[in-house]
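Tertiary structure, described
Given next are the chains, with one letter for each unit.
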Amino acid sequence: MITIENLHKSFGKLKVLKGIDLHVATGEVVCIIGPSGSGKSTVLRCINRLEDPTSGRIVVDGHDITDPNTNINLVRTEAGMVFQQFNLFPHMSVLSNVTLGPIKVRGVSRPEAEEQGRKLLAKVGLADKAANFPEQLSGGQKQRVAIARALALNPKVILFDEPTSALDPELVGEVLEVMKKLAREGMTMVVVTHEMGFAKEVADRVIFVDEGVIQEENAPHEFFANPKNPRLRDFLSKVV
Ligand code: ADP
Ligand code: MG
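All figures in this text were calculated on a predicted structure; none of them were measured in a lab.

Let's talk about the packing of aromatic side chains
Tallying each qualifying case throughout the model produces 2 aromatic pairs. Aromatic pair F208 and F235: ring centres 5.5 Å apart, planes at 40°, arrangement tilted. With F208 in strand 9 (residues 205–210) and F235 in helix 9 (residues 230–239), the pair connects residues that are 27 residues apart, well separated along the chain. F235 matches F208 in its accessibility class, with the two residues each being buried. The ring of F224 has K200 lying over it, and the distance from NZ or CZ to the ring centre is 5.2 Å.

Following this line, the structure appears as structure tokens:
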């Protein structure tokens, strides 16, 4: 579903990504962990072209998104994104947040988009919040709306950038439960997270990014039980 080859990204003189190679199969859940500032968000943002890669190749579901001829809006509908800070539209109802993309980008009729939107809100446990505005929701509820909004475009993959990092601890579980459900349903997911429990339980593969490269990747049990890279060992000793 995703192929990244030798991805480099610099901001001015700052070299953030220095040759990332990553393949994500259809239905796979890949968790990315690593220190703050190591380039985890930049990897996700390159995958849906919120950032332009400096060099390298990224193919999402057969579309070379680094090719200037590729329709980037199409790519963005195929790779949904869920952000740490939710990024809901504050002046729109919950339901409108979910239906905006299908109506504007996919040309779906409003009644059809609303029917689908209500189903998605029910799926994330928020059927009764359709008419509310984001400010009336808890952080966990906002993030579940953001997931419903991402799903509304029928993405091939969802990219999660620390989806629970802004939440009060007691609200983390409800968001992780929704993500687990998606994983069980076979959604392809790339998840930047500090939730090691989630990575252990749900990921097919865990990746450690540090200093702009993938330092280690492995199946979760092996990754956590037997880390080889000294920097990963050091990182795990601080976070687990
Ligand atoms: P992480 O998500 O792992 O914490 P990021 O990918 O957000 O790291 O950032 C990696 C590095 O790139 C950091 O040093 C950050 O300051 C820098 N960076 C990220 N985005 C930009 C930007 N738009 N302009 C300049 N520097 C940036
Ligand atoms: Mg980040």
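Still more ground to cover, so stick around.
Observations regarding the site of ligand 1
F11, L14, V16, P35, S36, G37, S38, G39, K40, S41, T42 and E51 make up every residue found near ligand 1. One of the backbone nitrogen or oxygen atoms of G39 is found 3.0 Å away from an oxygen atom of ligand 1. In isolation ligand 1 exposes 560 Å². Once the protein is present, 60% of that is buried. When contributions to the shell around ligand 1 are tallied by element, the ones reaching two or more residues are strand 2 (14–24) and helix 1 (40–47). Here the shell around ligand 1 is built from residues that sort into 4 nonpolar, 6 polar and 2 charged.

Examining the environment of T3
Note that T3 resides in strand 1 (residues 2–11). If near-sequence neighbours (up to four positions away) are discounted, T3 is found in contact with L22, H23, R57, I58 and V59.

Looking at the confidence of the model for the protein chain
Put simply, the protein chain has an average pLDDT of 96, and 100% of its residues get 70 or more. Across the assembled chains, the prediction reports ipTM 0.98 with pTM 0.96.

Conventions adopted
- Residues numbered from 1 in each chain as written.
- Chains lettered and ligands numbered in written order.
- Predicted model: local features only at pLDDT ≥ 70, side-chain atom pairs only at ≥ 80, totals over all residues.
- Heavy atoms only, no water.
- Phe/Tyr/Trp six-rings, centres within 6.5 Å; stacked < 30°, edge-to-face > 60°.
- Helix = DSSP H or I, 4+ residues; strand = E, 2+ residues; numbered from the N terminus.
- Buried < 20%, exposed > 50% of the residue type's maximum accessible area, 1.4 Å probe, protein only.
- Lys NZ or Arg CZ within 6 Å of the ring centre and 35° of its normal.
- Near = heavy atom within 4 Å.
- Polar contact = N/O pair within 3.5 Å; in protein donor to acceptor, adjacent residues only side chain to side chain.
- Areas by Shrake-Rupley, 256 points an atom, 1.4 Å probe, with all protein chains shown as cover.
- Nonpolar A, V, L, I, M, F, W, Y, C, P; charged D, E, K, R; others polar.
- Contact = heavy atoms within 4.5 Å.
- pLDDT = per-residue confidence, 0-100.

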